[in-house]
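Close look at the chain arrangement
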Amino acid sequence: MAAFFSKFDLHTHSNASDGALSPTQLVQRAYKKGITHLALTDHDCVDGINEAKEAAKGLLTLIEGAELSTLFNNEQIHIVGLFLDTQAPALKEYLKNQKIKRIERAVAIGEKLERQGFKNAYEECKKRAAPGASITRGNYARYIVEMGRAQSADEAFSVYLKKGKSCYVKTQWPDVSVAVKAILESNGVPVLAHPRRYQMTNTKLRELIEYFKSCGGVAMEVGSSQMSPSDRDFIAKLCEKYSLLASLGSDFHVEGAYRELGYNLIIPDFVKKVWEHPLAKPYNFPKENS
Ligand code: AMP
Ligand code: MN
Ligand code: MN
Ligand code: MN
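Within any chain, residue numbers begin from 1 and follow the written order of that chain's sequence. Each chain is given a letter, starting from A, and each ligand a number, starting from 1, according to the order in which they appear as written. Where totals are concerned, whole chains, interfaces and linings use all residues; where local detail is concerned, this predicted model gives features only for residues with pLDDT of at least 70, and gives and counts side-chain atom pairs only at 80 or more. Here the side-chain values reflect all heavy atoms present in the structure, with hydrogen atoms and water set aside.

Take a side-chain nitrogen of Lys or Arg and a carboxyl oxygen of Asp or Glu: if they are within 4 Å of each other, that pair is a salt bridge. In the structure shown here, the tally under the stated rule is 15 salt bridges. The salt bridge involving Arg29 is made with Glu255; its shortest N-O contact spans 3.5 Å. In this pair, Arg29 is assigned in helix α1 (residues 23-32) and Glu255 in the segment after β7 (245-249), connecting sequence segments 226 residues apart. Three exposure classes are used, based on accessible area relative to the maximum for each residue type with a 1.4 Å probe and protein chains only: buried under 20%, partly exposed in between, and exposed over 50%. Here Arg29 falls in the buried class, since its relative accessible area comes to 15%. Secondary structure elements follow DSSP: runs of H or I of four or more residues count as helices, runs of E of two or more count as strands, with numbering from the N terminus.

Here is the structure:
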């Protein structure tokens, strides 16, 4: 089957967190790929939104988003907020606390990397992102590759950054409920990000979805760049079962990787789409995504 490219992509990153492109470059790339509705969803950060909105004028519709780091049963879970009021006090408060945690963690990871022979790791890593960017392990992975100490970001994770490896630092991210509440109070739609990517059994995944739903969660990502048709069908059925709306997003970070803007973002017909939510109305999504 020919590759499918969606006109909507509701999960992407810029160099305001661990994406390689500036918000302007990201928007221009999305436009060239035929995207009409793009959400910028940097990790625990909305600093790239204003630049992206400016760049989007006349090209595409930019949706204000963020990807919030949380915990469920000690597992790191990502909750995307879409259609956010980025000026809402609840969101600002959440992001302020996350910023402190992220800086402390990034500094601690940097110190561990220095013990592995990387010089000024934190400063060097920061230099490669936008000023004040939200530094994640993704930033470090690219830096490790650039230093020639791993062949790929994936290898950087397996050798240094993953749980149990020499440069791993655990962080007490807030509970899922805290992120969902902050998003709801900021006029946004909480979306459970990439449900197939967590290291958990299907039973645990159902528990997570039930918990997310009980906290006020509204949607779940059904269309992801790397998803197989059978996984997509499985997640879509869970989406329907728990009366969640379906979202889609490539989780694009960098050119050349297997995740590309719009690529393979498919949602089966039988589930309701997140762009049918009342809060999506001002963004004028066309009914059909093709
Ligand atoms: P953090 O939120 O600081 O724990 O970093 C998580 C980020 O690291 C994710 O958003 C991905 O961009 C990146 N990441 C996680 N696992 C991998 C992997 N195996 N290979 C490459 N990047 C990864
Ligand atoms: Mn990332
Ligand atoms: Mn994520
Ligand atoms: Mn992401």
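Additional details are given in the paragraphs that follow.
All right, on to the coordination of the manganese ion (ligand 3) then. For Na, K and Ca the donor cut-off is 3.2 Å, while for other metals it is 2.8 Å, and in both cases only N, O and S atoms qualify; water is not among them, so sites may look incomplete. The coordination sphere of the manganese ion (ligand 3), as far as protein atoms go, consists of Glu67 (OE), His78 (ND1) and His194 (NE2), spread over 2.1 to 2.2 Å. On the primary sequence, the residues serving as donors to the manganese ion (ligand 3) are separated as E-x10-H-x115-H. The metal-metal distance between the manganese ion (ligand 3) and the manganese ion (ligand 2) is 5.6 Å. Residue Glu67 is located in strand β3 (residues 61-72), and its partner His78 is located in strand β4 (residues 75-82); the two are separated by eleven residues in the primary sequence.

The environment of ligand 1 is made up of Asp18, His43, Gln76, Arg102, Arg105, Thr136, Arg137, Gly138, Ala153, Asp154, Phe157 and His253. Contacts described as polar in this section are N or O atom pairs within 3.5 Å, which, within protein, must combine one atom able to donate a hydrogen with one able to accept it, while residues neighboring in sequence count only if both atoms come from side chains. Take Arg137: an N or O atom from its side chain is 2.8 Å from an oxygen atom of ligand 1. Here an oxygen atom of ligand 1 and a side-chain polar atom of His253 are 2.9 Å apart. Relative to its unbound accessible area of 500 Å², ligand 1 is 80% covered by the protein chains. Of the grid points, spaced at 1 Å and generated over the protein atoms alone, those admitting a 1.4 Å probe that cannot get out make up cavities, while open sets with protein on both sides within 12 Å along at least five of seven lines make up pockets; any residue with an atom within 4 Å of a point is treated as lining. Each molecule is assigned to a cavity or pocket provided more than half of its atoms lie within 2 Å of the corresponding grid points. One can see that ligand 1 is located within the largest pocket. Consider each residue's heavy atoms; a residue with any of them within 4 Å of a molecule or strand counts as near. Residue exposure ignores everything except the shown protein chains as possible cover, and the areas themselves are Shrake-Rupley values with a 1.4 Å probe.

Because an α-helix packs 3.6 residues into every turn, residues spaced three or four apart end up facing the same way. Among all positions of helix α7 (residues 176-185), only Val176, Ala179, Val180, Ala182 and Ile183 are buried. When α7 is viewed along its axis, its buried side chains cluster within an angular range of 160° and face the same direction. Contact between two residues is taken to exist if any of their heavy atoms lie within 4.5 Å; hydrogens are not considered. Where α7 is buried, its residues contact β3, β4, α3 (89-115), β5 (189-192) and α8 (202-214). A positive backbone phi angle near 60° is found at Asn187, which sits one or two residues after α7. This arc describes the spread of directions from the helix axis toward the C-beta atoms.

Moving on, we come to the pairing of β7. For β7, the tally of buried residues reaches five of five residues, placing the bulk of the element in the interior. Of the two faces of β7, the one lined by Leu245, Ser247 and Gly249 and the one lined by Ala246 and Leu248 are each fully buried. Criterion used throughout: strands pair if DSSP finds at least two bridges between them. Here five bridges tie strand β6 (residues 219-224) to β7, and the two strands are oriented parallel to one another. Across the sheet, residue Ser224 finds its bridge partner in β7, namely Gly249. Taken together, β6, helix α9 (residues 229-241) and β7 form a β-α-β motif whose crossover is right-handed. Call a crossover right-handed when, viewed with both strands pointing away from you, the route from the first strand across the helix to the second goes clockwise.

Here we take up the coordination of the manganese ion (ligand 2). For a metal bound by four donors in a tetrahedral arrangement, the ideal donor-metal-donor angle is 109.5 degrees, while six donors in an octahedral arrangement ideally sit at 90 or 180 degrees. The coordination sphere of the manganese ion (ligand 2), as far as protein atoms go, consists of Asp18 (OD), His43 (NE2) and His253 (NE2), spread over 2.1 to 2.2 Å. Positions of the donor residues of the manganese ion (ligand 2) along the chain correspond to the pattern D-x24-H-x209-H. We classify Asp18 as buried; its relative accessible area is 4%.

Here we take up unusual backbone geometry. You will see that Asp44, though not glycine, has its phi angle at about 50°, which is positive. Within the fold, Asp44 resides in the loop between β2 (37-40) and α2 (49-56). With relative accessibility at 5%, the residue Asp44 sits in the buried group. For Asn264, which is not a glycine, the phi torsion comes out positive at approximately 60°. Relative to the helices and strands, Asn264 resides in the segment after β7.

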